[in-house]
Amino acid sequence: MRKALGLPFDPIDRAARIWEHRFGPSSAMSAVTSIMRAQQILLAELDAILRPYGLTFARYEALVLLSFSRAGALPLSVMGERLMVHPTSVTNTIDRLEAQGMVVRRPNPDDGRGRLAEITERGRDAVRVATRDLMTAEFGMGEYSEAERADLFALLRGLRLTAGDFLQD
């Protein structure tokens, strides 16, 4: 599923060696560049898996978040916080899901001006089949063992904690 670049060398490794020569230690630069490239690779793969369902990974995440909520509905502001995206991105995502019949907007009974996004049965069906496919593909992480994936999560969790994404347990 991944489109191979087929380069005769590792461009990040080559950049790291040049970096070392010109600027000094390259481990931070090469690590972050590798993370950014991995994000590109994974997002392209996940979007390809979700495309048959009319979804992108961002839309899938929004549907999953709604499906996890007790009532199947959340204020858009809460969705933005939980998905860690800008309010405009949430609005755009919900607009697209609503156009697909996977979400409806409802007045928020707790806030006269606010709106809730509510997952529809069509949205729940999409989550069910898309999740099956993502799980089969191991979210693009199949070449890593369970232990390696847990280690990677733990390493990146520290970065997210330091950034203030959440409070220490």
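Refer to the structure presented above.
Fair warning: this is a prediction, and the values are worked out from it, not measured in the lab.

**Looking at the overall build of the protein**
Next up, step 1: Per the secondary structure count, the protein includes seven helices and three strands.
Next up, step 2: Relative to the globule expectation of 15 Å for 169 residues, the C-alpha radius of gyration of the protein, 19 Å, shows a markedly less compact shape.
Next up, step 3: For the protein, the C-alpha atoms occupy an extent of roughly 60 × 35 × 30 Å along the three principal directions.
Next up, step 4: The burial tally for the protein puts 30% of its 169 residues in the buried class.

**Points about the sheet that holds strand E1 (residues 73-75)**
Next up, step 1: Spatial ordering of the open sheet is given by E1-E3-E2, a layout of three strands whose pairing is antiparallel. The sheet is open, and its two edges are formed by E1 and strand E2 (103-108), each paired on a single side. Averaged over all pairs of adjacent strands, the angle between their axes in this sheet comes to 30°, without regard to strand direction.
Next up, step 2: With six bridges connecting them, E2 and strand E3 (residues 111-119) associate as antiparallel partners.

**Concerning the pattern of salt bridges**
Next up, step 1: Throughout the structure, instances matching the rule amount to nine salt bridges.
Next up, step 2: A salt bridge links glutamate 98 to arginine 105; the shortest N-O distance between them is 2.6 Å.
Next up, step 3: Its relative accessible area of 18% is what places arginine 105 among the buried residues.
Next up, step 4: In this structure, the salt-bridge partner of arginine 149 is glutamate 146, at a minimum N-O distance of 2.6 Å. With arginine 149 and glutamate 146 both in helix H7 (residues 146-162) and three residues apart, this pair spans about one turn of that helix.

**Description of a nonpolar patch on the surface**
Next up, step 1: Taken together, the side chains of Val32, Ile35, Met36, Leu152, Leu155, Leu156 and Leu159 present a nonpolar region at the surface, about 650 Å² in accessible area.
Next up, step 2: Where the nonpolar patch is concerned, the elements lending two or more residues are helix H2 (27-50) and H7.
Next up, step 3: Among the elements that make up the nonpolar patch, the one with the highest residue count is H7 (four residues).
Next up, step 4: The topology assignment puts leucine 156 in helix H7.

**Examining the pairing of E3**
Along a regular strand, successive side chains alternate from one face of the sheet to the other.
Next up, step 1: Pairing analysis gives three bridges linking E1 to E3, with the strands arranged antiparallel. Considered in E3, the bridge of leucine 74 is made with alanine 117.
Next up, step 2: Two successive antiparallel strands, E2 and E3, enclose a turn made up of two residues.

**Considering helix H6 (residues 121-136)**
Next up, step 1: The end-to-end C-alpha separation of H6 is 23 Å, in line with the 22 Å expected for 16 residues at 1.5 Å each.
Next up, step 2: Taken together, the buried positions of H6 are Gly123, Ala126, Val127, Ala130 and Leu134. All buried residues of H6 lie within an arc of 105° about the axis, which places them on one face of the element. Facing away from the buried side of H6, by more than 90 degrees, are the exposed residues Glu121, Met135 and Thr136.

Parameters and conventions
- Residues numbered from 1 in each chain as written.
- Predicted model: local features only at pLDDT ≥ 70, side-chain atom pairs only at ≥ 80, totals over all residues.
- Heavy atoms only, no water.
- Helix = DSSP H or I, 4+ residues; strand = E, 2+ residues; numbered from the N terminus.
- Rg over C-alpha atoms; globule rule 2.2 N^0.38 Å.
- Buried < 20%, exposed > 50% of the residue type's maximum accessible area, 1.4 Å probe, protein only.
- Pairing = 2+ DSSP bridges.
- Axes fitted to C-alpha atoms, helices over the stretch in contact; angles between N-to-C directions.
- Salt bridge = Lys/Arg side-chain N within 4 Å of Asp/Glu carboxyl O.
- Patch = residues over 30% accessible without salt bridge, like charges linked within 9 Å, V, L, I, M, F, W, Y side chains within 5 Å.
- Areas by Shrake-Rupley, 256 points an atom, 1.4 Å probe, with all protein chains shown as cover.
- Expected span 1.5 Å × (residues − 1).
- Arc of directions from axis to C-beta.

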